[in-house]
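Residue strings, one per chain:
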Amino acid sequence: MSNPPNLNRRLAAEALGTAFLLMGVVGSGIMAVNLSGGNTGFALLANAVSTGTLLTVLIWVFGPLSGAHFNPAVTLAFAIRREIDRRDAVFYVITQAGAGIIGVWLAHVMFAHRLFEVSETVRTGIGQFVAEGIATFGLVGLILALVRLAPSRIAAAVGLYITSAYWFTASTSFANPAVTIARSLTNSFAGISPPDVLGFIISQLTGAVLAVFVFGWLVPPTDQSGTGTT
C-alpha cells in the first residue's frame, strides 16, 4: 500500500475540489437563469442537479487524497473526533475558504460577470437558520455514519443528499461555511448578502457539532452490529 499523501498534496486536493465545487454552484446558477426564461423552479432544479452530480465526482476523485472535505463543518467534525490533526484542520479550513472564493471568481470570468461582486440576495430569519442547521446536521451525520458503515457509498450519498436538500430546506442547503462565505461574493442566483453570512455559519457549525455527538452515539467507532468498520 502506498504512503498517504503529505499535507501539501492534501491541501492541493482540498483547494481544487472546493474551487470546482463553487464553480459548479455559481456557474450552474448563472447558466440556469440564462436558460430558464424566468422560471425560478427550473433554475433551482438545474442548479441542484449540477451541484449534486459534480460533488459526487469531486468526492470520487479527491476522497482518496484529502478525504474530500471541501467544507469547514466536515473538517470540524473530524477534528472533534480526532480523526484529523487539529493543526492540519486549520490549514484545511483556510484552504477551503480561499479556494471557494477563487472558484466564484473563475465562474464570474467564464460568464462575463464582474470579478468582484457583493451579493444583494437576503437570506435571513429563523426559518433559514434552522434550515441550515438541519441541512448541515444531515450532511455531516450521513458522512460520519457511512465512514463506519459503507465508505464506498459516501460520494453518491452526499451528492444525492445535497440535490434533495436544495429542495427540502428553506435555505436551499448551503451546509458549508466556506461555500457561504464565497457565495456572498457573487450577485448571482447563488448569492447570499454578507450580513446574513454569520447567521448561516453559526447554524451550520451548530448542526455539525450536534451531528458529531448524535452519530457518535448512533454509530460508535466499533459498530456492534458487525457491519461497521473500525
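Our subject is the structure listed above.
What counts and how
- Residues numbered from 1 in each chain as written.
- Predicted model: local features only at pLDDT ≥ 70, side-chain atom pairs only at ≥ 80, totals over all residues.
- Heavy atoms only, no water.
- Core = buried A, V, L, I, M, F, W, Y, C linked by side-chain atoms within 4.5 Å.
- Buried < 20%, exposed > 50% of the residue type's maximum accessible area, 1.4 Å probe, protein only.
- Helix = DSSP H or I, 4+ residues; strand = E, 2+ residues; numbered from the N terminus.
- Contact = heavy atoms within 4.5 Å.
- Phe/Tyr/Trp six-rings, centres within 6.5 Å; stacked < 30°, edge-to-face > 60°.

Asker: Which residues make up the nonpolar core, and what values do they have?
Answerer: The biggest cluster of nonpolar side chains holds 51 residues, and the ones touching the most others in it are Leu21, Phe70, Val140 and Val158. Among the elements of the structure, helix H1 (7-36), helix H2 (40-66), helix H3 (72-80), helix H4 (86-110), helix H5 (126-149), helix H6 (154-168), helix H7 (177-183) and helix H8 (197-218) are those that each provide at least two residues to this core. In this view, Phe70 contacts Ala13, Glu14, Gly17, Thr18, Leu21, Leu55, Leu58, Ile59, Phe62, Gln96 and Asn176; residues no more than four positions away in its chain are not counted. If you look at the next biggest cluster of nonpolar residues, it comprises 5 residues, including Ile192, Val197, Phe200 and Ile201.

Asker: Now, about the packing of aromatic side chains: what can you tell me, with residues and values included?
Answerer: Each aromatic ring pair is described using two quantities: the centre-to-centre distance and the angle formed by the ring planes. Considering all chains together, one arrives at 6 aromatic pairs under this definition. A ring pair is formed by Phe174 and Phe200, whose centres lie 5.1 Å apart and whose planes are at 75 degrees; its orientation type is edge-to-face. Taken together, the residues Phe174 in the loop between H6 and H7 and Phe200 in helix H8 connect sequence positions 26 residues apart. Three or more aromatic residues joined by ring pairs form one cluster here, namely Phe129, Phe174 and Phe200.

From the geometry alone we can't say anything about function, so treat these as descriptive.
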